[in-house]
Amino acid sequence: MRILVMGGTRFIGVSLTKLLVQQGHEVVLFNRGNRPAPVEGLRQIHGDRTDGDQVRSLLEPESFDAIFDNNGRQLSDTQPLADLYRDRVQHFVYMSSAGVYLKSDQMPHREGDPLDPHSRHRGKGETEAYLAQQQIPFTALRPTYIYGPQNYNDLEAWFFDRIVRHRPIPIPGHGEHLTQLGHVQDLAMAMTQVLGNTRAIGEVYNVSGDRAITYSGLAKACAIAAGKSPEQLNLVYYNPKDFDFGKRKAFPLRLQHFFADIHKAQSQLNWTPSYDLIAGLQDSFQQDYLASGRDSADIDFSLDEMILEQHS
């Protein structure tokens, strides 16, 4: 297939692009040109996807069998691209988020659950709805937390920062909230499994790891991945309502149960996660955290100090 990847030079896009090339597809990237292509020799079209006129002028002459929209956050990001290729593409694969779900007392989240109209990810839900309304041959993927090499969000690295420096790990609440992580390589594989699958047209799939884990359990898993003893961790539990951090985040995960049912993706996409959490975290620790030198970088622990001072 001839495939357009929006982005393609960061995190998800890197894993996806490499996998598509390995599978023999012809891949073209559309991005701002700030980073090199993850595979040497790939054609890149440089432009600003938030400029609809520019998207149309640059891409109108191009034909593709499939499009992966990895970085559209608002409907306005995706609409020009979707409109341009409405009748010209076999498959439009949209990267949504499990963050679209309305908070619920019943877990895990399933694909038919209500969406939160006030979520910071509501633009992704609106985009899913638009693609369906316009009868574009789309599939949307809703990952939970994504981790792995080149993660630009402080997730596993947040824990590694404290573990390698033998620092206390401040955890909000009781530490028993359940969350869920999925490895970026597993997500990329699920994305490629959509191609050529007519059953996936018009469908939405949760994609993540196959188990949930508590906040405390995640800290311990990160310690094991970093070659440390989880029993030696100093986990400090605190009430987040006692602090005003402004817009700064003192903890990398939302303070609620957050995990999703992935059985639909497993059954309809012939996909299953290949990484268990420990193996995935070890991959991230060795291939990214240590490889980037972050273990010796200067890290801002000022919010930790505010919390620890109150608990001293």
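Keep in mind the model is a prediction, meaning the values are calculated, not measured. (Residues numbered from 1 in each chain as written. Predicted model: local features only at pLDDT ≥ 70, side-chain atom pairs only at ≥ 80, totals over all residues. Heavy atoms only, no water.)

The next point concerns the packing of helix H5 (residues 156–164) against helix H9 (residues 277–290). Two elements in contact, H5 and H9, have axes whose closest approach is 11 Å; the angle formed by their N-to-C orientations is 75°. In terms of orientation, H5 and H9 fall into the roughly perpendicular class. For the pair formed by H5 and H9, the contact residues are Glu 156, Ala 157, Phe 160, Asp 161 and Val 164 on the first element and Leu 281, Ser 284, Phe 285 and Tyr 289 on the second. Tallied by class, the residues present in the contact of H5 with H9 amount to 6 nonpolar, 1 polar and 2 charged. (Axes fitted to C-alpha atoms, helices over the stretch in contact; angles between N-to-C directions. Helix = DSSP H or I, 4+ residues; strand = E, 2+ residues; numbered from the N terminus. Parallel < 35°, antiparallel > 145°, perpendicular 65-115°, else oblique. Contact = heavy atoms within 4.5 Å. Nonpolar A, V, L, I, M, F, W, Y, C, P; charged D, E, K, R; others polar.)

Take Val 55: it is sitting in helix H2 (residues 52–59). Classification of Val 55 as buried rests on a relative accessible area of 2%. For the pair Val 55 and Ser 208, spaced 153 residues apart in the sequence, the C-alpha separation amounts to 31 Å. (Buried < 20%, exposed > 50% of the residue type's maximum accessible area, 1.4 Å probe, protein only.)

Let us now look at the pattern of salt bridges. All told, the structure shown has 16 salt bridges when counted by the stated rule. Note that Glu 62 and Arg 43 form a salt bridge whose closest N and O atoms lie 2.7 Å from each other. Of this pair, Glu 62 sits in the loop between H2 and strand S4 (66–69) while Arg 43 is found in strand S3 (residues 43–46), placing the two residues 19 residues apart along the sequence. Note that Asp 261 is salt-bridged to Arg 110, the shortest N-O span being 3.6 Å. Placement of the pair is Asp 261 in the loop between strand S13 (235–238) and helix H8 (263–268) and Arg 110 in the loop between strand S5 (91–95) and helix H4 (122–133), with a sequence separation of 151 residues. Connected through salt bridges with shared partners, the residues Arg 2, Glu 26, Arg 43 and Glu 62 form a single ionic network. (Salt bridge = Lys/Arg side-chain N within 4 Å of Asp/Glu carboxyl O.)

In this section: the packing of helix H7 (residues 215–225) against H9. It is the contact of H7 with H9, at a shortest axis distance of 8 Å, that shows an interaxial angle of 55°. Overall, the two elements H7 and H9 adopt an arrangement that is oblique. Judged by the twist between their axes, the crossing of H7 over H9 is right-handed. Of the residues in H9, those in contact with Leu 218, Ala 221, Cys 222, Ile 224 and Ala 225 of H7 are Leu 277, Ile 278, Leu 281, Gln 282 and Phe 285. Taken together, the residues of the contact of H7 with H9 break down into 9 nonpolar, 1 polar and no charged. (Left-handed = near helix turned anticlockwise from the far one by under 90°.)

Bringing the side chain of Thr 144 into the picture now. Mapped onto the elements of the fold, Thr 144 is located in the loop between strand S6 (138–143) and strand S7 (145–147). Overall, Thr 144 belongs to the buried group, its relative accessible area being 9%. A polar contact is formed between the side chain of Thr 144 and the backbone oxygen of Gln 180, at a distance of 3.0 Å. Separated by 2.6 Å, the side chains of Thr 144 and Ser 208 make a polar contact. Beyond its immediate chain neighbours, meaning those up to four positions away, Thr 144 contacts Ala 98, Gln 180, Leu 181, Gly 182, Val 207, Ser 208, Phe 258 and Ala 260. (Polar contact = N/O pair within 3.5 Å; in protein donor to acceptor, adjacent residues only side chain to side chain.)

So, about the pairing of S4. Side chains of S4 alternate between two faces, with Ala 66 and Phe 68 and Ile 67 and Asp 69 buried alike. In terms of strand pairing, strand S1 (residues 2–6) meets S4 through 4 bridges, oriented parallel. Paired with Ile 3 across the two strands is Ala 66, which belongs to S4. Two elements, S4 and S5, share 4 bridges in a ladder whose sense is parallel. Bridged to Phe 68 within S5 is Val 93. (Pairing = 2+ DSSP bridges.)

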